[in-house]
Amino acid sequence: MPKFYDLLDELEGYAKTKKSILENKNVCLSGVSGSSKAHVLFSLLKETNTNSCLIITPNELSAKQLYRDLTFLCDERVMLFPEREYVFYDLDSSSNEITIQRISTLERVFRKGGIVIATAAAAMKPVLPKRLLKKYTSVVSEADILNMDEFSKKLTLAGYSACETVEGAGQFAVRGGIIDVFPITSDCPYRIDMFGDEVDTIRGFDVTTQLSGDRVKSITVPPAYEILYDYETAEK
């Protein structure tokens, strides 16, 4: 990669662009097409030590293409922020997968930054405010003191559905001293085993057999919906 940077530095336009970015000046770059866009963007981000960046594309096709190209160069940092399609007569008809991807992207960006690729339409849509995302995201670790009633109430306000048996993402169940919850951004649900008010163990489990599996130290449970109303918002 260093040799690639050196090759780009030989181009007058690239060198000027990098210098302007380092000086916090506005930049207009043209004449780059195809996969070259990803190469130039990656190099500029790398050489300017930019950890977070929002890249806006004109349409979904170009967003996905740029996402594929940039993922090849720096996969763990790149996120695709899809456009949410609102159907006002039936909000539930919107793709749950899109909701999960949008919330997961927001959670990662607020927590550690990253490179976000979005269409102009997706970037213009309202998103879950950082205040509400932080307020309704729960982090549960072993040995934590956890009030089960308060935790259940918080999950409900965060958009999770209470049920007898957890069978899908966005659900939770309480049975005695056990709380099952399926975070929308996780591949499997988790079983929180309480000892009084203290979290004793946290294990993943199979939704089909309901049998517990591997033990984990901590889990993060983000909101299940983008549209949340807390009591403070309702009073306004």
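Refer to the structure printed above.
Residues numbered from 1 in each chain as written. Predicted model: local features only at pLDDT ≥ 70, side-chain atom pairs only at ≥ 80, totals over all residues. Heavy atoms only, no water.

> Got a minute to help me understand the side chain of D180 in this structure?
Residue position: D180 is located in strand β7 (residues 178-181). Judged by its relative accessible area of 0%, D180 falls in the buried class. Discounting chain neighbours no more than four positions away, the residues touching D180 are V166, Q171, F172, A173, R175, Y190, R191, F205 and Q210. (Helix = DSSP H or I, 4+ residues; strand = E, 2+ residues; numbered from the N terminus. Buried < 20%, exposed > 50% of the residue type's maximum accessible area, 1.4 Å probe, protein only. Contact = heavy atoms within 4.5 Å.)

> Honestly, the layout of surface pockets in this entry has me stumped. Any pointers?
It is a probe the size of a water molecule, rolled over the atoms, that shows where empty space is left. Quantified by volume, the largest pocket comes out at close to 650 Å³. Lining of the largest pocket is provided by 24 residues; of these, L29, K37, L41, I55 and L66 occupy positions nearest its centre. Those elements giving two or more residues to the lining of the largest pocket turn out to be α2 (12-22), α3 (36-47), β1 (53-57) and α4 (60-74). (1 Å grid on protein atoms, 1.4 Å probe; cavity = no way out; pocket = protein on both sides within 12 Å on 5 of 7 lines; lining within 4 Å. Points joined across faces, edges and corners; volume = space filled by probe spheres on them.)

> Honestly, the pattern of salt bridges in this entry has me stumped. Any pointers?
Inspection of the entire model under this criterion finds 11 salt bridges. Put simply, E142 and R215 hold a salt bridge, and the shortest N to O gap is 2.7 Å. Here the residue E142 occupies a position in the loop between β4 (138-141) and α8 (148-157), and R215 occupies one in strand β10 (residues 212-216), the gap between them amounting to 73 residues. With a closest N to O distance of 2.8 Å, D180 and R191 form a salt bridge. Highlighted residues: D180 in strand β7 and R191 in strand β8 (residues 190-195), separated in sequence by 11 residues. There is no split in this pair, since D180 and R191 are both buried. Among the charged side chains, a network of salt bridges with common partners joins K19, E23 and K25. (Salt bridge = Lys/Arg side-chain N within 4 Å of Asp/Glu carboxyl O.)

> Whenever I open this one, the environment of L22 confuses me. Can you help?
Structurally, L22 is set in helix α2. Owing to a relative accessible area of 51%, L22 belongs among the exposed residues under this scheme. Along the chain, L22 and T48 lie 26 residues apart, while their C-alpha atoms are 6.3 Å from each other.

> How should the sheet that holds strand β2 (residues 78-81) be read in this particular structure?
Within a sheet, adjacent strands bond to each other through the backbone by hydrogen bonds, running parallel or antiparallel. Across the sheet, which stays open at both edges, the 3 strands sit in the order β1-β3-β2 with parallel pairing between neighbours. Because the sheet does not close on itself, it has two edges, and the strands there are β1 and β2. When strand polarity is set aside, the average angle formed by the axes of neighbouring strands in this sheet is 25°. Looking at chain direction, β2 and strand β3 (residues 115-119) are connected through 4 bridges and run parallel. Considered in β3, the bridge of F81 is made with A118. (Pairing = 2+ DSSP bridges. Axes fitted to C-alpha atoms, helices over the stretch in contact; angles between N-to-C directions.)

> I would appreciate a short explanation of the pairing of β7 in the present structure.
Where a strand is regular, its side chains alternate between the two sheet faces. Here strand β6 (residues 171-175) pairs with β7 via 4 bridges, running antiparallel. Note that in β7 the partner of F172 across the bridge is V181. The antiparallel hairpin formed by β6 and β7 contains 2 residues in its connecting segment, where G176 sits at a positive phi of about 60°. By the bridge criterion, 4 bridges tie β7 to β8 in an arrangement that is antiparallel.

These figures capture arrangement, not role.
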